[in-house]
Amino acid sequence: MDQNNQQLKSFWDGRVDKELEREKSDPRKQVHTDLIWREIQRCIGQSTCLTILDAGAGTGRFSIPLAEKGHRVFHLDISPKMLEVAKEKAREQGITSIEFFQGSVDDLSCFENNSFDLVLCLDSPLSFCYATYEKALSELVRVMKPRAKLVLCVMNRTGVITEGGVNFDLEHFGTAKTSINSFSKLARVSPG
Ligand SMILES: C[S@@+](CC[C@H](N)C(=O)[O-])C[C@H]1O[C@@H](n2cnc3c(N)ncnc32)[C@H](O)[C@@H]1O
């Protein structure tokens, strides 16, 4: 694991309680959750039993309810502590159609090409990839089946500063074109 990913792992391991608290009681997070659900529902439509990758899935905010609805979900995260919490939540809810993987979104080599009907990468994993964001994007696209859907959510820098990621984020500032480039690249790779 490279140095940036080691830093990410420690940073997110230390943020589990904060994330759980935000999910429980921060109204901004709740609005965010509702908006993302709207997008996920739009992608799923009436489909049942989809194979879904949630890359950087955290405490299972989306992966667990999706598994609960009967989809086969692959939950990947860089942080062992986030994975522990998500596994415990899934266990408590008796959910078995979810598999957990520790790893980074910029290396999805544990998954074959064309594996997933829907790929999610929500609320910042891609934003923290910095130098490897192109690799991460191409990995996310590689594992999608033809005509699969990808829901991406990137974070702006004000969020990073106010919410405490600034210590290791500062050295990577200066690539403000990231999200524009990312989206134009995606549009070329996966129209529609
Ligand atoms: C703010 S949480 C969002 C979790 C989930 N996607 C959601 O929307 O609820 C960010 C998550 O991304 C994970 N993460 C950050 N960088 C990552 C990377 N390069 N690869 C995989 N997971 C990553 C963190 O460990 C953390 O669990």
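Residues numbered from 1 in each chain as written. Predicted model: local features only at pLDDT ≥ 70, side-chain atom pairs only at ≥ 80, totals over all residues. Heavy atoms only, no water.

### Section: the overall build of the protein chain
- Summing up its helical and strand segments, the protein chain has nine helices and five strands in all.
- Each helix and strand of the protein chain, ordered N terminal to C terminal, gives the series α-α-α-β-α-β-α-β-β-α-β-α-α-α.
- Across the 192 residues of the protein chain, 45% fall into the buried class. (Helix = DSSP H or I, 4+ residues; strand = E, 2+ residues; numbered from the N terminus. Buried < 20%, exposed > 50% of the residue type's maximum accessible area, 1.4 Å probe, protein only.)

### Here we look at the sheet that holds strand 2 (residues 72-77)
- If you walk across this open sheet you meet the five strands as 3-2-1-4-5, and the pairing is parallel. Here the strands that pair on one side only, and so sit at the sheet edges, are strand 3 (98-102) and strand 5 (144-152). Here the strands of the sheet are splayed against their neighbours by 20 degrees on average, with no regard to which way each runs. (Pairing = 2+ DSSP bridges. Axes fitted to C-alpha atoms, helices over the stretch in contact; angles between N-to-C directions.)

### A few points about the packing of aromatic side chains
- Tallied over the entire structure, the rule returns ten aromatic pairs.
- Ring geometry for Phe 74 against Phe 111: centres 6.0 Å apart, planes inclined by 85 degrees, an arrangement best described as edge-to-face. Remark: Phe 111 occurs in the loop between strand 3 and strand 4 (116-121) and Phe 74 occurs in strand 2; sequence separation between them is 37 residues. The residues Phe 74 and Phe 111 share a single accessibility class, namely buried.
- Judged by relative accessible area, Phe 111 falls into the buried class, the value being 7%.
- Members of the aromatic cluster, each reached through a chain of ring pairs, are Phe 11, Trp 12, Phe 128 and Tyr 130.
- Sitting over the ring of Trp 37, Lys 69 keeps its end group 5.5 Å from the ring centre. (Phe/Tyr/Trp six-rings, centres within 6.5 Å; stacked < 30°, edge-to-face > 60°. Lys NZ or Arg CZ within 6 Å of the ring centre and 35° of its normal.)

### Considerations on the site of the ligand
- Around the ligand, a shell composed of 19 residues is seen, among which Gly 56, Arg 61, Asp 77, Val 105 and Leu 122 lie nearest.
- Measuring from a nitrogen atom of the ligand, one finds a backbone N or O atom of Val 105 at 3.0 Å.
- Within the complex, the protein chains bury 99% of what would otherwise be the 600 Å² of accessible surface of the ligand.
- Per-class residue counts for the shell around the ligand are nine nonpolar, six polar and four charged. (Near = heavy atom within 4 Å. Polar contact = N/O pair within 3.5 Å; in protein donor to acceptor, adjacent residues only side chain to side chain. Areas by Shrake-Rupley, 256 points an atom, 1.4 Å probe, with all protein chains shown as cover. Nonpolar A, V, L, I, M, F, W, Y, C, P; charged D, E, K, R; others polar.)

### Here's the deal with helix 2 (residues 16-25)
- Within the span of helix 2, buried status applies to Val 16, Glu 19 and Arg 22. Burial along helix 2 is one-sided: seen end-on, the buried residues are contained in an arc of 130 degrees. In helix 2, the exposed residues that point more than 90 degrees away from the buried face are Asp 17 and Lys 24. (Arc of directions from axis to C-beta.)

### What about unusual backbone geometry?
- Phi is positive for Asn 114, which is not a glycine, with a value near 55 degrees.
- Its place among the elements puts Asn 114 in the loop between strand 3 and strand 4.
- A positive phi angle, near 45 degrees, is found at Tyr 130, a position not held by glycine.
- As for its position among the elements, Tyr 130 is in the loop between strand 4 and helix 6 (133-142).

### Some points on the packing of helix 2 against helix 5 (residues 80-92)
- Contact geometry of helix 2 with helix 5 gives a least axis separation of 9 Å together with a crossing angle of 45 degrees. For the element pair helix 2 / helix 5, the angle class is oblique. Here Val 16, Glu 19, Leu 20 and Glu 23 of helix 2 lie close against helix 5, whose contacting residues are Lys 81, Met 82, Val 85 and Lys 89. (Parallel < 35°, antiparallel > 145°, perpendicular 65-115°, else oblique. Contact = heavy atoms within 4.5 Å.)

### A few points about the pattern of salt bridges
- Throughout the structure, instances matching the rule amount to twelve salt bridges.
- Of the charged contacts in the structure, one is a salt bridge between Glu 19 and Arg 22, with a shortest N-O distance of 2.9 Å. Placement of both Glu 19 and Arg 22 in helix 2 is noted, with a separation of three residues, approximately one turn of the helix. Comparing Glu 19 with Arg 22 shows no difference in burial state: the two are buried. (Salt bridge = Lys/Arg side-chain N within 4 Å of Asp/Glu carboxyl O.)

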